[in-house]
Amino acid sequence: MICEEKEAAVCCPYCGGDNFLSGRMEKKDRPLRILPFSRTLEECKEEYWREVKRAIYAPKELRSRKHTEEFKGMYMPYWYYHYEVDGPCKIQGRTTSTLENVTYVRIYDLIADVKAEYEGVTFDASSSFADELSQGIAPYNIRDTKPFNEAYISGFYAEMPDVPKERYVAGSRNVIVDDIEERLMRVKDFAPFQKEPAKSGSEDSIVLKDVYNVMLPVWFLCHRTKKRVAYAVINGQTGKVVGNYPVDEGKKKKFFWKVAGICYAAAAVVAYFLLH
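Remember, predicted model here, so these are calculated numbers, not experimental data.

On to the side chain of Asn235. Within the element layout of this structure, Asn235 appears in strand S10 (residues 229-235). Asn235 gets classed as buried once you look at its relative accessible area, which sits at 0%. Side-chain polar atoms of Asn235 contact the backbone nitrogen of Thr238, separated by 3.0 Å. Those residues in contact with Asn235, other than ones at most four positions away along the chain, are Arg39, Ile137, Pro139, Tyr140, Pro217 and Lys240.

A few words now on the environment of Gly171. With respect to the helices and strands, Gly171 occurs in helix H3 (residues 169-184). Residue Gly171 is classed as partly exposed on the basis of its relative accessible area, which comes to 25%. Sequence separation between Gly171 and Val121 is 50 residues; the distance between their C-alpha atoms is 9.7 Å.

Positionally, Arg167 belongs in the loop between strand S7 (157-158) and H3. With relative accessibility at 54%, the residue Arg167 sits in the exposed group. Each C-alpha atom, one on Arg167 and one on Trp79, is 10.0 Å from the other, the two residues being 88 residues apart in sequence.

Taken as a whole and assessed by the stated rule, the structure comprises 8 salt bridges. A salt bridge links Arg183 to Asp179; its shortest N-O distance comes to 2.7 Å. In this pair, Arg183 and Asp179 both sit in helix H3, 4 residues apart, roughly one turn of the helix. Judged by relative accessible area, which is 48%, Arg183 ranks as partly exposed. In the salt-bridge network here, residues are joined through shared partners; they are Arg39, Glu47 and Arg50.

For the rest of this paragraph, the subject is a nonpolar patch on the surface. Taken together, the side chains of Leu99, Val102 and Tyr104 define a hydrophobic patch exposed on the protein surface, amounting to about 270 Å² of accessible area. Looking at the secondary structure, you find Val102 in strand S5 (residues 102-124).

Following Ala138, the chain continues into Pro139 via a peptide bond in cis, with omega recorded as 5°. By the secondary structure assignment, Pro139 is in the loop between helix H2 (131-136) and strand S6 (146-147). A positive phi is found at Glu100, a non-glycine position, where the angle reads about 50°. Counting through the fold element by element, Glu100 comes out in the loop between strand S4 (72-99) and S5.

Okay, the nonpolar core next. Grouped together as the largest cluster of nonpolar side chains are 24 residues, with contacts concentrated most on Tyr81, Val85, Ile176, Ile180, Leu184 and Ile206. Setting aside anything within four residues of it in sequence, one finds Leu184 in contact with Cys89, Ile91, Ala112, Val114 and Phe190. Ranked by size, the runner-up nonpolar core spans 19 residues in total, among them Met76, Tyr212, Val218 and Val242.

So, about the pairing of strand S9 (residues 206-224). Most of S9 sits inside the fold, with 14 of its 19 residues counted as buried. In this structure, strand S3 (residues 33-34) lies alongside S9, joined through 2 bridges in parallel fashion. In the sheet register, Ile34 faces S9, and the bridge partner there is Met215. Note: S9 against S10, 7 bridges, orientation antiparallel. What sits directly across from Leu221, in S10, is Ala232.

So, on to the pairing of S5. For S4 and S5, the ladder comprises 21 bridges, and the chain directions are antiparallel. Its bridge partner lying in S5, Ser97 is registered against Tyr104.

The rules behind the values
Counting from 1, residues in each chain are numbered in the order their sequence is written. Residues qualify for local features only when their pLDDT is at least 70, as the model is predicted, and side-chain atom pairs are given and counted only at 80 or more; totals for whole chains, interfaces and linings, by contrast, use all residues. The basis for every side-chain value is the complete set of heavy atoms in the structure, and neither hydrogens nor water enter the calculation. Only DSSP runs of H or I with at least four residues qualify as helices, and only runs of E with at least two residues qualify as strands; both kinds are numbered from the N terminus onward. A 1.4 Å probe rolled over the protein chains alone gives each residue an accessible area, and that area as a share of the maximum for its type sets the label: buried under 20%, exposed over 50%, partly exposed in between. For the purposes of these results, a polar contact is taken to be a pair of N or O atoms within 3.5 Å, where, inside protein, one atom must be able to donate a hydrogen and its partner to accept one; residues adjacent in sequence count only when each atom of the pair is a side-chain atom. Two residues qualify as a contact provided that any one of their heavy atoms is within 4.5 Å of a heavy atom in the partner residue. We define a salt bridge as a side-chain nitrogen of Lys or Arg found within 4 Å of a carboxyl oxygen belonging to Asp or Glu. A residue counts toward a patch only above 30% relative accessible area and without a salt bridge, and it is joined to like-charged neighbours within 9 Å or, for Val, Leu, Ile, Met, Phe, Trp and Tyr, to nonpolar neighbours within 5 Å. Residue exposure ignores everything except the shown protein chains as possible cover, and the areas themselves are Shrake-Rupley values with a 1.4 Å probe. We define the nonpolar core as a collection of buried residues of types Ala, Val, Leu, Ile, Met, Phe, Trp, Tyr and Cys that are connected through side-chain atoms lying within 4.5 Å of one another. Whether two strands pair depends on DSSP finding at least two bridges between them.

What follows is the structure, given as structure tokens:
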């Protein structure tokens, strides 16, 4: 992490524990590009406030305005995958027809020549950043990234990648395959067919050209009590919010009995009119 010169110990934004910070910004895996924050802390607080109001079972303290002061701005590392597609791509499609109470299913290989370029397929490169959170606040508009300059991270936390870029090569290729299949099935010539669940034969035409490290902005909130830790992350570009809020069992039971009471009263009124 990166902190101000005077900070020697900070609260970990992931587990809520106190940690001593030593230098982590190393020359290896230096980011190539960075996406500056476009959502301010005040905008972040309002986005969170609107989101948490919908979490009806969340503990009371999470709804406190004071609680939002705990938000931290962080630059998280992501692997950026660049692909080129040039060649035949195959999808299996089927048609279904019925004649004299007999259903006929025919399977076809649907082949098209595809020439395309995919940039900006990203996966988070921090083992501390849960995939469900990073995927939940996606996507980012990678076209707005800038060449990396340390001035951008001044005043923010930052992490360097500790997940190897090879880990997500298969996943990033699947993203490309799924997009190709979706686009091809919208082509007029393929409209009469329904796509079979089998994966396409596009892999040989998909070539990985480059992988590099980019830093993307995240507003991160961690709230720790004795029994639980609550998280909220916000996309620092779009304002999209994802939260992992603990359930207040007392509030849940109270809400249940309140709804049950209303339903019982309504049923009693209906029964009274039916019997009289």
